[in-house]
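# What the coordinates show
Single-letter residue listing:
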Amino acid sequence: MRHSLARLMMFAVGFSSLFLAAPPAVAADDPHAAERAELATKEAELLGNTRQLTFAGRRSGEGYFSADGRKMILQSEREAGNPFYQIYLLDLETGDTRRLSPGIGKTTCAWIHPSGRRALFASTHHDPEAEAKQEAELAMRESGQQRRYSWDYDPHYDIFEMDLETDELTPLTNDEGYNAEASYSPDGRHIVFASNRHAYTEELSEEEQARFETNPSTQVELYLMEADGSNVRRLTESGGYDGGPFFSADGSKIVWRRFDADGGSTAEIWTMDADGSNQQQITEVDAMSWAPFFHPSGDYIIFTNNAYGYGNFELHIVDAAGEREPVRVTYSPGFDGLPVFTPDGEGLSWTSNRNGDSQIFLASWDDAEARRLLSLDETATDSDTTEADAQGTALAEKVMTETGSPAITVSGVEAHIRALASEQMAGRLTGTAGERMATAYLAEVFRTIGLEPAGDDGTYFQEFEFTAGVSLGDDNALALEHDGETTRYNVNEQWRPLAFAQSGEVDPGSIVFAGYGIVAPAEEDLEDYDSYVHLDVTDKWVMVLRYLPEDVTDAQRQHLNRYASLRYKAMAARDRGAKGIIFVSGPNSEVRHELVPLRFDASLSGTSLPVISIADEVAADWLNAAEKDLQELHDSLDTGDMMMGFELPGLKLDAAIEIVQQRRTGRNVLARLAATDDEAAGLVVLGAHIDHLGDGSASGSLAHDDEESTIHYGADDNASGIAAMIEVAHYLHARHADGELPANRDVLFAAWSGEELGLLGSSHFVQNFTPPASAFVEGPPAGHPPVEGAHAEDEANHAQSLRPGIAAYLNMDMIGRYEQALTLQGVGSSEAWPQLIERANVPVGLRIQTQDDAYLPTDSTPFFVRGVPVLSAFTGAHAEYHTPRDTADLINFEDTQRITRFIGLLTRQLVLREQSPDYVAQRAPEQDEARAGLRAFLGTVPDYAGGDAEGMKLSGVSEGGPADEAGLRGGDVIIELAGKKIENIYDYTYAIDALKIGEETSIKVQRGEETLDLTITPASRE
């Protein structure tokens, strides 16, 4: 999980006010007070909330974060019997500190493996004279002498790796000379380090030898090796001191500093490709520039130099290409150096003696300001900054010129649908150029109409980050040990991890075969089925077949099918203590692809278990070790008879899994018709989703095989809704401009992105919407906790109610295929809807059917569960839904115009109405618990935009339902139900399936930082 700097700062320094790094006291008559204040202001341009992180010992420094930002590894002089640096691991969530190094000799330059399970550092503890050197240093200090600080290139330094679980220490180098300054590559497969080893084995010139004897650093060069210490190769041959290397966040580059040939007082910053090629000097300051570190974006580098005085080191940043002058960051006398960004790029840690002894400091980092100061191109947000934006804007200008009437017209509806469902828009998948073009189109339309921007920073756009898919990282490996031989398998050919597998390294473990891996309880006339009877799978890999037995009755098939999904089988193995699970298709499955596809689902649900699939041929080879035949096993299991599981003797399997989440940015489009100054009346929000499925390869496509990877135009879903919203916006704006709309409230027009991926955009909006303080004069809606002002501390209460900041929400999702009737869903959310619907339809004359249910698979649900009455317009599903065949030619434009007119009149009523519609909470008879075929009812509403949180996050609870009565509320994360661990929504639905109606059971939830143990009594759904 990504750690924000705010959370990291809270963990790292929030334990006590003693941890604040107060600025030096300034006397009232200090002649330099104004100058000091000016310098502090300059430093605050890029750094905020600067705090001292370490305090113990004589000095500390070189702190580097773990890949997840939860820990820091550092060096510190704090051992009573050792005056030299030792290596410590600091837990940033608890403050616990643990020494990693042996405590003997000198250590330096530590780094944590990306897996978080190993760490490396350089140490001289193998030096026979290590303890004698310690005693000599201590004696000198006790005598009152002070050694001038200089780095010691002790030839006994070697690089060691520590297993953080076992504390086992393994030497990775064992060569005479200085071996240190090491760091792992982001994928954990390589180590870059500094060494002068060649000076001890190669012949040097007389001049080189003389310099080396005087200063061993002059022969330090950079080397690269495998993570296990093998395959060492030299990267630099400069004749000067090359050191302090670090990889860029994507692993493609290495940054380091190179001193002049004499190892003297000047050094510059260099970069190169990870293989040592393309070496490039970045700075030319003619000072001691060193300790460089890439920003995670890879766009710029931070480093320190003493250009302002020999002993005054200050931090600077420079663009990664070295095309611009460096920009100063710190303004504190003394030493500021060894900087490192937090993994998310939102914070900075560095070593400083600004408060006395050298210690580690931590501050927030302003990336946007850094980019501005370096004149770097920032992430495009305005409509003219990318080609997609420009194309969308140009298309909007053309359409609005041709059909710019403020009346709601058939031609206007058609023009906007055809533009949005064009080949140019490429299916408008969230986070792609197609979505960007569509949102730029709409923003330009809103601007042309004259609506005010209501997005971020004065624009029409509201951005949000999301996970768009998954891919395999570089660190995927599978190996089998058998009879002293190791067989390695090719990923994507002989094996593949599943998308919901836990990433990381898996220690070797034995393998057991567990048939179909199904655990299904008895039901009426059907016996129970348990693949794990008398089978111990604790800390072992479990091999199971996919699917379910073929030759069983229809009743058995329906029964077993509920427990045959990949996720359920993985959960069953996990709950029995398995090390990992292996899926085999088997010869009887007749699948086209034996390996399970790497499919991404929008829930982001993972599991704490390695999950892989293997080819039938590989499985057959492994089963031969137990003298078993895969075909015979499959035939026997397909009869429906259970089979005792068994171990595959002599086999040990180990794996490394790396599933990479692909992050993208989507954006909503928000515009406001400012019709009144009365904020207390609340907004009317008219919304529709603008995104669709792209080429259908992401998720949700119902395309035929011959339509795969074809543009899904999404004319009805949902260019129709956006076109209607445009026409309504134009109509209402013109009425207001003509003085014909004496409004009591404003209208917010909202185009949501990410609807097809799980209501991402609308959920982001409601989670970040803060009603104006004056809007709370009416109080919260009935059935919801009170919200005490716009800045209420209780986030859970805020999450449960957006009222009366939002008076009502109208949604349009697929309104272009009117045939039998227009369906209006959510009518039961307010007693006001029937009369409002009747009045708006009198001049239009649509055939309308109503549905009370307000829990819908569309963007109205995030509003309803937070106390807003909703109404959603829909003309029904059709055979072209979620296929490339949903094109503009199939839209009923005339009736879509009539529906648009109806929505416009309905919105007009809400704007003119003195009182906001009342809110009626309701039990959700058609929520996901029901769709899963569950008999028990808890009354919970999953939050599909909950991201990658471990557990099952709720967006709300059904009023009066079991969850409501148990004390659950929106924002809670369910982590355990009836003693079953809940890691995702699938665990949750499986756990509900085992509940007994009317029998109280335990439920555990995470609410912020608090874990609550509650009880809940399931009700019957029927």
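Here the structure is a predicted model, which means the values were calculated and not measured.

### Here's the deal with the pairing of strand β40 (residues 806-812)
- Extensive coverage of β40 is indicated by the burial of seven of its seven residues.
- Here β40 pairs with strand β43 (residues 870-874) via four bridges, running parallel. Pairing of M812 across the sheet is with A873, part of β43.

### Describing the side chain of D813
- Following the sequence through the fold, D813 ends up in the loop between β40 and β41 (822-825).
- Among the polar contacts made by the side chain of D813, one reaches the side chain of H689 at a distance of 3.1 Å.
- In this view, D813 contacts H689, D717, N718, E755, T858, A873 and F874; residues no more than four positions away in its chain are not counted.

### Thoughts on the sheet that holds strand β24 (residues 359-365)
- Strand order in this open sheet of four strands is β1-β24-β23-β22, and the pairing throughout is antiparallel. Because the sheet does not close on itself, it has two edges, and the strands there are β1 (47-52) and β22 (336-341). Recorded for the sheet is a direction-independent mean angle of 25° between the axes of neighbouring strands.
- Bridge count between β22 and strand β23 (residues 347-352): four bridges; the pairing is antiparallel.

### Here we look at the confidence of the model for the chain
- Of all residues in the chain, 88% attain a pLDDT of 70 or more, and the chain-wide mean is 86.
- Per-element confidence in the chain ranges from a low mean pLDDT of 31 for helix α1 (residues 5-13) to a high of 98 for strand β39 (residues 747-752).
- Across residues 378-385, where pLDDT falls below 50, the model places 19 contacts with residues more than four positions away in sequence or in other chains.
- Within the model, the stretch residues 775-799 combines pLDDT values under 50 with 48 contacts to residues more than four positions away or in other chains.

### Some points on the pattern of salt bridges
- For the coordinates displayed, the defined rule picks out 46 salt bridges.
- When the shortest N-O distance is used, the salt bridge between R118 and E505 registers 2.9 Å. Note that R118 is positioned in strand β7 (residues 118-123) and E505 in strand β30 (residues 504-513), a separation of 387 residues in sequence.
- Given the relative accessible area of 27%, E505 is considered partly exposed.
- Put simply, E202 and R234 hold a salt bridge, and the shortest N to O gap is 3.9 Å. On the criterion of sequence distance, the pair formed by E202 in the loop between β11 (190-195) and α4 (206-214) and R234 in strand β13 (residues 233-234) is long-range, its members being 32 residues apart.
- Accessibility expressed as a relative area gives 27% for R234, which makes it partly exposed.
- Members of the salt-bridge network, linked through shared partners, are R58, R59, E77, E137 and R141.

The rules behind the values
- Just so you know, the residues in each chain are numbered from 1, in the order the chain's sequence is written.
- Since the coordinates come from a predicted model, pLDDT governs what is reported: local features require at least 70, and pairs of side-chain atoms require 80 or more to be given and counted, while whole-chain, interface and lining totals use all residues.
- Only heavy atoms go into the side-chain values, all of them from the structure, while hydrogens and water stay out.
- Accessibility here uses a 1.4 Å probe with only protein chains present; expressed as a share of the type maximum, an area under 20% marks a residue as buried, one over 50% as exposed, and anything in between as partly exposed.
- Strands here are runs of E lasting at least two residues and helices are runs of H or I lasting at least four, both read from the DSSP assignment and numbered beginning at the N terminus.
- Strands pair, by our definition, only if DSSP identifies at least two bridges between them.
- Counted as a polar contact is a pair of N or O atoms within 3.5 Å, where, for protein atoms, one must be capable of donating a hydrogen and the other of accepting one, and residues adjacent in sequence contribute only when both atoms are in side chains.
- Whether two residues are in contact is decided by their heavy atoms, any of which lying within 4.5 Å being enough.
- Axes here mean lines fitted to C-alpha atoms, for a helix over just the part in contact, with angles spanning 0 to 180 degrees between N-to-C directions.
- pLDDT is a residue-level measure of predictor confidence that goes from 0 to 100.
- Any Lys or Arg side-chain nitrogen found within 4 Å of a carboxyl oxygen on Asp or Glu counts as a salt bridge.

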